[in-house]
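Summary of structural features
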Amino acid sequence: MRQRYQTTGMSGYRLMIVDDDEGLIDSLSTLLKRNGYDVEGFSNPLDGLEELRQDSYDLLILDYFMSPIRGDDFVSELRQFDTDLYVILLTGHKDLAPPFATIKAFDIQAYCEKSHRLDQLQLLIESGIKSINQKRRIKTYRDGLQDILDTLSQINRLQPFEDMVNDIVENMISLADSEDIFMQLEHFGHHEGTVFKGSGRFNLPMEQVMSTIGEQAIADIDKVKVTKQPVSTDDSYILPIVSNATEGLEGIVYIGSRVEENNLLDVFVTQASSLLQNVMLHEQLNSTLSDLKASYVETIEALRLAVDAKDVSTRGHSDRVALYAQLLATKLGLSKEEIEDLRIGGLFHDIGKIGISDDILLKTSKLSDTEFYEVMKHPTKGAVILSAISAFEDIKGMVNCHHERYDGSGYPYGLKGVDIPLGARIISVADAYDAMISPRAYRDKRTPGEAIDELKKGCDSQFDRRIVECFLSALEEDADQMLRISSI
């Protein structure tokens, strides 16, 4: 028959006693109740084992000699489904104590001989609770750190600064166990003034929040700003946000409720501050690179116009190639960034001709081998001009390879097929078509029909067939736009 004994306490720890001595269960339960523990007792070990399968406990006090199963068999069954439960093994027979190998094999944490006095057992239980508490703290801290890493990984993606601030505040709610939080950043990075984000009852404009939290809270915030140390009160917890680089104060986090010691919250705020600083540096770097790129584009544009000025017959050629390439890239479904790169690549594909003498560029008769060799250098020279800025890396490849041929017989490297950058293959078709329908000093222009025939003949040898077919499709489907481009 199952006998069950229960007491209720407020400690938050649940203890189970399994012993066929009901008197011991009564005595020990009374003692543990005075210490504030939740206790359940079972005189039948099978009942206790079934209870452990169904519910969670922190510590088990277990008799060794019982019926129908002994304590070692009980623990053997227990460890099949619970490897964490803290076990104190009791025996009333000193000479028949379980061997050390058994205690070790089943991860029994403590062993005690039965006595009329419960002092030794009480010390073992208190020691066990301390050990359990320490394991809980370690697990909570470990799991919390993993959650922080996961959260920061989600936050740490390219997004606007304000969105990142919002994410940080939202993810702080669970760590602080409070919805009433606000973050205040002052002159953070290139942001002038104050950045403010609140949640819960602080989801209001900053001026309204400051007018509602009271003079003492404002004084506490000022103290945090001066000392750069957290301030904890009965109804708030305030953390400083300090720059890792300069150790200067960047702002504060205000939690509108009492917060017990919470190292995880401190860690999260520190790491979140680093993410904010990184995104600010990224924004500043992007702004600088954008300004540098714009300035460099203007310089190269001046060089391109100088190339056009050398030969009246080639004026507008680069503009038309850029527009043809842009249209082709759109029809091929490339991204906005790739389309823009192709437009710039088309504009600058012949920029290397700035380094070729006018005598060669304007010659009306056939070029000598030496002269043609000089002309063949213009893709590489153009790539060198563009290599001054890393943002032009893909564009540089288009310029450097736009005279490669699909069968590998082009220059400067003899690349073949898809080894030739896609942008270069697109520009190659656009460049060839516009060159054929435009007059040159050494030949008359061809008709669009003749140029189309040449493109078809060049499929799989000079040109990528897929791009030629796309270009021919554009001539039919976008005839008005193609006509406007050819007339520039």
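Residues numbered from 1 in each chain as written. Predicted model: local features only at pLDDT ≥ 70, side-chain atom pairs only at ≥ 80, totals over all residues. Heavy atoms only, no water.

Further remarks concern the overall build of the protein chain. A tally of regular secondary structure across the protein chain gives 19 helices and 11 strands. In the protein chain, which comprises 488 residues, the proportion classed as buried is 45%. As presented, the protein chain carries roughly 25,400 Å² of accessible surface, and 50% of it is formed by carbon and sulfur atoms. (Helix = DSSP H or I, 4+ residues; strand = E, 2+ residues; numbered from the N terminus. Buried < 20%, exposed > 50% of the residue type's maximum accessible area, 1.4 Å probe, protein only. Areas by Shrake-Rupley, 256 points an atom, 1.4 Å probe, with all protein chains shown as cover.)

Before going further, it helps to examine helix H16 (residues 422-437). Here H16 contains 16 residues, and its C-alpha end-to-end distance of 23 Å stays within 8% of the 22 Å for a straight helix at 1.5 Å per residue. For H16, the tally of buried residues reaches 15 of 16 residues, placing the bulk of the element in the interior. (Expected span 1.5 Å × (residues − 1).)

Bringing the sheet that holds strand S10 (residues 237-242) into the picture now. Spatially, 5 strands are ordered S8-S7-S11-S10-S9 in an open sheet, and the strand pairing comes out antiparallel. Edge positions in the sheet fall to strand S8 (194-199) and strand S9 (231-232), since each of these pairs with one other strand and no more. As defined by bridge partners, strand S7 (residues 181-186) adjoins S8 across 6 bridges and the pair is classed as antiparallel. The residue bridging Met183 from the neighbouring strand is Lys197, located in S8. Packing of helix H8 (residues 215-227) onto the sheet brings it into contact with S7, S9, S10 and strand S11 (249-255), and relative to S11 it is tilted by some 145 degrees. (Pairing = 2+ DSSP bridges. Contact = heavy atoms within 4.5 Å. Axes fitted to C-alpha atoms, helices over the stretch in contact; angles between N-to-C directions.)

What follows covers empty space enclosed by the protein. If you walk through the whole model with that rule in mind, you get 1 cavity of 30 Å³ or more. Taken as a whole, the largest cavity encloses approximately 50 Å³ of empty space. Considering each element in turn, the lining of the largest cavity owes the most residues, 4 residues, to H16. Its residues assigned to classes, the lining of the largest cavity comprises 6 nonpolar, 2 polar and 4 charged. (1 Å grid on protein atoms, 1.4 Å probe; cavity = no way out; pocket = protein on both sides within 12 Å on 5 of 7 lines; lining within 4 Å. Points joined across faces, edges and corners; volume = space filled by probe spheres on them. Nonpolar A, V, L, I, M, F, W, Y, C, P; charged D, E, K, R; others polar.)

It is worth spelling out the packing of helix H11 (residues 336-348) against H16 at this point. Two elements in contact, H11 and H16, have axes separated by 10 Å at closest approach and are oriented at 50 degrees. Relative to H16, H11 is oriented oblique. The hand of the H11/H16 crossing is right-handed. Residues Leu342, Gly345 and Gly346 of H11 lie in contact with H16, whose contacting residues are Gly423, Ile426 and Ile427. Classifying every residue of the contact of H11 with H16 by side-chain character gives 3 nonpolar, 3 polar and no charged. (Parallel < 35°, antiparallel > 145°, perpendicular 65-115°, else oblique. Left-handed = near helix turned anticlockwise from the far one by under 90°.)

Okay, the pairing of strand S4 (residues 59-63) next. Among the 5 residues of S4, 5 are classified as buried, and the element is accordingly described as predominantly covered. Two strands pair when backbone bridges link them, and strand S2 (residues 14-18) and S4 are joined in this way by 4 bridges, in the parallel orientation. If you follow Val18 over to S4, its bridge partner there is Leu62. Here 5 bridges tie S4 to strand S5 (residues 86-91), and the two strands are oriented parallel to one another. Its bridge partner being in S5, Leu62 is matched across the sheet by Leu89. As for the winding sense of the linkage, the β-α-β connection from S4 through helix H3 (residues 71-78) to S5 is right-handed. (Right-handed = clockwise from strand over helix to strand, strands pointing away.)

Moving on, we get to the packing of aromatic side chains. A full pass over the atoms with the stated rule returns 8 aromatic pairs. Pairing Tyr324 with Tyr433 gives two aromatic rings, centres 5.7 Å apart and planes at 85 degrees, and the pair type is edge-to-face. Of this pair, Tyr324 sits in helix H10 (residues 317-331) while Tyr433 sits in helix H16, and the two are 109 residues apart along the sequence. Classification of Tyr324 as buried rests on a relative accessible area of 1%. Aromatic ring contacts, followed pair by pair, group Phe182, Phe196, Phe202 and Tyr254 into a single cluster. One Lys or Arg, Arg14, reaches over the ring of Tyr57 and ends 4.3 Å from the middle of that ring. (Phe/Tyr/Trp six-rings, centres within 6.5 Å; stacked < 30°, edge-to-face > 60°. Lys NZ or Arg CZ within 6 Å of the ring centre and 35° of its normal.)

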